[in-house]
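Here are the chains, one letter per residue:
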Amino acid sequence: HMIQVKLLANFTVVTLGGFFKVALGYADFEGSKLSDRTMKTWQAAVGYLLPLSKRTSLYTAANYINSRYSDAQEAANPKAGKQVIDVIAGLMHKF
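Residues numbered from 1 in each chain as written. Predicted model: local features only at pLDDT ≥ 70, side-chain atom pairs only at ≥ 80, totals over all residues. Heavy atoms only, no water.

Concerning the overall build of the protein chain
- When helices and strands are counted, the protein chain shows one helix and five strands.
- Listing each helix as α and each strand as β along the protein chain from the N terminus yields β-β-β-β-α-β.
- Computed over the C-alpha atoms, the radius of gyration of the protein chain is 18 Å, more than 25% above the 12 Å expected from 2.2 N^0.38 for a compact globule of 95 residues.
- Burial analysis of the protein chain (95 residues in total) assigns 18% to the buried set.
- A fraction of 45% describes how many contacts in the protein chain between residues 6 or more apart in sequence connect residues 24 or more apart. (Helix = DSSP H or I, 4+ residues; strand = E, 2+ residues; numbered from the N terminus. Rg over C-alpha atoms; globule rule 2.2 N^0.38 Å. Buried < 20%, exposed > 50% of the residue type's maximum accessible area, 1.4 Å probe, protein only. Contact = heavy atoms within 4.5 Å.)

What follows is the structure, given as structure tokens:
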């Protein structure tokens, strides 16, 4: 069986008329007894949600992921990103 360790912490602060959000995560995956494929990864994310009305909000967020792979995992999945950065922004309307 694969062994997995996952930790996640997040919080939200009400500020400047909206919601500031922060999340941190860590995961450690080890392959089965017959596999030496492993991966360790951590993630940090921040975001802000600003309500404009009862059903419409502006949002923005940024995310960073850093992963470390065993040689066996990298060989099996060579296109996997070791460092990923995402930034998004948008307008949300609930119907």
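Let's talk about the environment of Phe-11
- On the secondary structure map, Phe-11 appears in strand β1 (residues 3-15).
- Under the relative-accessibility criterion, Phe-11 is labelled partly exposed at 44%.
- Residues Phe-11 and Val-46, spaced 35 residues apart in sequence, show a C-alpha to C-alpha distance of 9.9 Å.
- Leave out the neighbours within four places in its chain, and Phe-11 touches Phe-20, Lys-21 and Val-22.

Describing the packing of aromatic side chains
- Under the defined criterion, the tally for this structure stands at one aromatic pair.
- Considering the side-chain rings of Trp-42 and Tyr-64, the 5.3 Å spacing of their centres and the 55° angle between planes classify their relative orientation as tilted. Here Trp-42, found in strand β3 (residues 38-51), pairs with Tyr-64, found in strand β4 (residues 56-69); they are 22 residues apart in sequence, far enough to count as distant.
- By relative accessible area, which is 22% here, Tyr-64 ends up partly exposed. (Phe/Tyr/Trp six-rings, centres within 6.5 Å; stacked < 30°, edge-to-face > 60°.)

Thoughts on a nonpolar patch on the surface
- A cluster of nonpolar side chains, namely Val-5, Leu-7, Tyr-26 and Trp-42, defines an oily patch on the protein surface of about 370 Å² accessible area.
- Note on placement: Tyr-26 falls in strand β2 (residues 18-30). (Patch = residues over 30% accessible without salt bridge, like charges linked within 9 Å, V, L, I, M, F, W, Y side chains within 5 Å. Areas by Shrake-Rupley, 256 points an atom, 1.4 Å probe, with all protein chains shown as cover. Salt bridge = Lys/Arg side-chain N within 4 Å of Asp/Glu carboxyl O.)

Details of the environment of Ala-9
- Position of Ala-9 relative to the elements: it lies in strand β1.
- Excluding its chain neighbours within four sequence positions, the residues that come into contact with Ala-9 are Val-22, Ala-23 and Leu-24.

Focus: the environment of Asn-63
- When you line up the elements, Asn-63 lands in strand β4.
- Its relative accessible area of 14% is what places Asn-63 among the buried residues.
- In contact with Asn-63, not counting residues within four places along its chain, are Gln-43, Ala-44, Ala-45, Val-84, Ile-85 and Asp-86.

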